[in-house]
Amino acid sequence: MSGHVHIFDTTLRDGEQSPGAALHIDEKLEIARQLERLGVDIIEAGFPISSPGDFEAVRRIAAIVDRATVCGLTRAVQKDIDVAWDALKGAKRPRIHTGLGVSDNHLQHKLRKTRDEALEIGTAAVRYAKSLGCQDIEYFTEDAGRADPDYLCRVVEGVIKAGATVINVPDTTGYMTPDEYGGLFAMLLNRVPGAVNVVFSAHCHNDLGLATANALAAVSAGARQVECTINGIGERAGNTSLEEVVMALKVRGTQFGGAYTNIQTTEIFKTSRLVSNRTGVLVQPNKAIVGANAFAHSSGIHQDGVLKERSTYEIIDPADVGISESKIILSPRSGRHALKHRLEVLGHTFEADDAFEKVYQRFLLVADQKKLVYDEDLEAIASDEVQIIGRAYELSQLQVMCGDQSIPTATVSLRHANGGILTDSHHGNGPVDAVYRAVNRIVNVPNELIEISLQSVTEGTDALANVTIRVRSGDDIYSGHAAHTDIIVASTKAYVNALNKLIMDKQGVSGRKESADLDGSV
Ligand code: KIV
Ligand code: ZN
């Protein structure tokens, strides 16, 4: 068996099911392009039947992805498969990912089918996908972790005979331990006729914090595909984190029988930042590989050791995951050429000159305030200025009065997409509260602010602040982010960006997911 472990990225499907992580269609395309640069083997682009927005996202990703396989999820239902196949028809390498629950729990409570009925539905779905001309069919045995092993073997045997080429064995509820999960793969590879002719895939959820360990145990037992997401985002506690599995195999591959991936690891950090910015799901500081503290040494003994010899306390060279050590610092005197070059090195290319010009003008403002501009600042500026969601409103002017002896009051002017400037004022409990009330008087869409988080981009009092905001409107959550040296300005811009997403969505022009769930209907 080859040691090549295929990396199946499901950030745009399972990852997007993180609460509030819904992405605009253009953001999905941006992430798909970066996933290609990262070198993932398969991109699960969405669940086409779930909404017109998801269909369109899969269709457009299929059209731009050059090297990776593009995959669309379906239930074991002909209509789903038809729609997914239609969405995937522009892909160079299309894959249908279909399947059905296999645990008695799912069969009885969700699907209300007998084991035999469910087996027939699953095999019929694979035969149907094949009859459409699909050569690459992945079958998911949902909740395999809690299924009866004999029945699981029957299902896997049946769908292989029907034409499945990849068998996904999900631990849907994150219930399994590494020994059990590895054992499941060993059993399937041992017992199921035809198992050697297909690829077995690990798909783990992190409810017990074991998703990475379980996926690696599956690799040890012979799985040759791992399904994962950037930063481990996903439903509930998330999915297996791509960067953890990839770096574990890179650093400790011999522990896994020499298994390896083809990921360009130097693209990991950039991809992590992009996904965090676009989904609004922050990365915890102590997150392995991509957290802000992943390579920080604060104790004196550790610092001393690392300065003398890096390997004393570091098992990964930060450069291997794309964290550059030699930080080029730009200043107000750095011209357009130097800025463009540095942004290109950091992975930002600009199709239109006016997009770069916006970033350049913003760079000049920041450079004036901060004097020295670091790579982290450039990332924040580029990601802030090149937000691709259409903007119904943009901050034009902001004036805030606050202090311990005054009533915090904000006057906000927003420029509407039609060019008009709208101004209003409000007081509040604090400056941010006053700003939000003033913005709401102008925008006038019902929403509830549920989260505001602030991160300093670099050190020092002149640092840029990255603000991420989440607002709720009915059942939907929208996030917005912005960076500025003034935290009130950053908060205002982030809030307006979140409201822009909400407005576009309500107008039905965002391409955002309307509903996506593997419900019980088959
Ligand atoms: O967790 C799971 O079982 C899934 C399947 C739909 C593949 O995400
Ligand atoms: Zn899942």
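The shown structure was predicted, so the numbers you read here are calculated from the model rather than taken from an experiment.

### What to know about the overall build of the protein
- Helices and strands together make up the secondary structure of the protein, namely 16 helices and 14 strands.
- At 24 Å, the protein has a C-alpha radius of gyration in line with the 24 Å of a compact globule built from 522 residues.
- Overall, the C-alpha framework of the protein stretches about 75 × 60 × 45 Å when taken along its three principal axes.
- Within the protein, the fraction of its 522 residues that count as buried is 56%.
- The long-range share in the protein, meaning contacts at least 24 apart out of those at least 6 apart in sequence, stands at 67%.
- Per element, the accessible surface of the protein, about 22100 Å² overall, is 50% carbon and sulfur.
- Across the protein, the centroid of the 53 positively charged side chains sits 3 Å from that of the 68 negatively charged ones.

### Quick notes on the domain arrangement of the protein
- Along its sequence, the protein is organised into domain 1 (3-279), domain 2 (296-385) and domain 3 (393-518).
- Centre-to-centre separation of domain 1 and domain 2, based on C-alpha positions: 34 Å.
- With both sides pooled, the region where domain 1 packs onto domain 2 buries about 980 Å², and carbon together with sulfur makes up 55% of that total.
- Taken together, the links from domain 1 to domain 2 amount to zero salt bridges.
- Of all the elements in the fold, those that place two or more residues in the side of domain 1 that touches domain 2 are helix 9 (242-252) and helix 10 (268-279).

### Concerning the pattern of salt bridges
- The tally for this structure, following the rule as stated, stands at 36 salt bridges.
- Arg 127 is the partner of Glu 120 in a salt bridge, and the nearest nitrogen-oxygen pair spans 3.2 Å.
- Linking Arg 441 and Asp 424 is a salt bridge whose minimum nitrogen-to-oxygen distance equals 3.4 Å. A residue pair is termed long-range when its members are at least 10 positions apart, and Arg 441 in helix 15 (residues 431-443) and Asp 424 in strand 11 (residues 421-427) qualify at 17 residues.
- With a relative accessible area of 48%, Arg 441 lands in the partly exposed category.
- Through salt bridges that share partners, Arg 13, Asp 14 and Glu 44 make up one connected network.

### Some thoughts on the sheet that holds strand 12 (residues 448-456)
- Pairing is antiparallel in the open sheet, where three strands are placed in the order 12-13-14. Looking at strand neighbours, the two that pair on one side only are strand 12 and strand 14 (476-484), the edges of this open sheet. Ignoring which end each strand starts from, the neighbouring axes of this sheet average 15° apart.
- As paired elements, strand 13 (residues 465-473) and strand 14 share nine bridges and run antiparallel to each other. The residue of strand 14 that forms the bridge with Asn 466 is Ala 483.
- The sheet contacts of helix 16 (residues 487-506) involve strand 12, strand 13 and strand 14, and relative to strand 14 the element is tilted by about 145°.

### A closer look at helix 8 (residues 211-220)
- Counting buried residues in helix 8 gives eight out of ten residues, a clear majority hidden from the surface.
- For helix 8, the set of buried residues is Ala 211, Thr 212, Asn 214, Ala 215, Leu 216, Ala 217, Ala 218 and Val 219.
- Summarising the contacts, the buried residues of helix 8 are in contact with strand 6 (166-171), helix 7 (178-191), strand 7 (199-204), strand 8 (225-228) and helix 9.
- Directly beyond the C-terminal end of helix 8, a positive phi value near 120° is found at Gly 222.

### Describing the packing of helix 3 (residues 78-87) against helix 5 (residues 115-131)
- Interhelical geometry of helix 3 versus helix 5 gives an angle of 30° and a closest axis separation of 10 Å. Judged by the inter-axis angle, helix 3 sits roughly parallel to helix 5. Considering only the axes of helix 3 and helix 5, their crossing is right-handed. Contact residues: Gln 78, Ile 81 and Asp 82 in helix 3; Ala 125, Tyr 128 and Ala 129 in helix 5.
- Among the residues making up the contact of helix 3 with helix 5, the classes are represented as four nonpolar, one polar and one charged.

### Observations concerning the coordination of the zinc ion (ligand 2)
- For the zinc ion (ligand 2), every protein donor is listed as Asp 14 (OD), His 203 (NE2) and His 205 (NE2), and the spread of their distances is 2.0 to 2.1 Å.
- Binding-site remark: the zinc ion (ligand 2) is held by donors from one chain whose sequence spacing is D-x188-H-x1-H. In this pair, Asp 14 is assigned in the loop between strand 1 (6-9) and helix 1 (25-38) and His 205 in the loop between strand 7 and helix 8, connecting sequence segments 191 residues apart. Accessibility assignment for this pair places Asp 14 and His 205 in one class, buried.

### Description of the side chain of Ser 413
- Relative to the helices and strands, Ser 413 resides in strand 10 (residues 409-416).
- Relative accessible area serves as the criterion here: at 9%, Ser 413 is assigned to the buried category.
- When neighbours within four sequence positions are excluded, Ser 413 is seen to be in contact with Glu 394, Leu 395, Ser 396, Gln 397, Ile 421, Leu 422 and Thr 423.

Rules behind the numbers
- Residues numbered from 1 in each chain as written.
- Chains lettered and ligands numbered in written order.
- Predicted model: local features only at pLDDT ≥ 70, side-chain atom pairs only at ≥ 80, totals over all residues.
- Heavy atoms only, no water.
- Helix = DSSP H or I, 4+ residues; strand = E, 2+ residues; numbered from the N terminus.
- Rg over C-alpha atoms; globule rule 2.2 N^0.38 Å.
- Buried < 20%, exposed > 50% of the residue type's maximum accessible area, 1.4 Å probe, protein only.
- Contact = heavy atoms within 4.5 Å.
- Areas by Shrake-Rupley, 256 points an atom, 1.4 Å probe, with all protein chains shown as cover.
- Lys, Arg positive; Asp, Glu negative; His and termini not counted.
- Charge placed at Lys NZ, Arg CZ, Asp CG, Glu CD.
- Domains from an automatic or database assignment.
- Buried area = accessible area lost by both parts, 1.4 Å probe.
- Salt bridge = Lys/Arg side-chain N within 4 Å of Asp/Glu carboxyl O.
- Pairing = 2+ DSSP bridges.
- Axes fitted to C-alpha atoms, helices over the stretch in contact; angles between N-to-C directions.
- Parallel < 35°, antiparallel > 145°, perpendicular 65-115°, else oblique.
- Left-handed = near helix turned anticlockwise from the far one by under 90°.
- Nonpolar A, V, L, I, M, F, W, Y, C, P; charged D, E, K, R; others polar.
- Donors = N, O, S within 2.8 Å, 3.2 Å for Na, K, Ca; no water.

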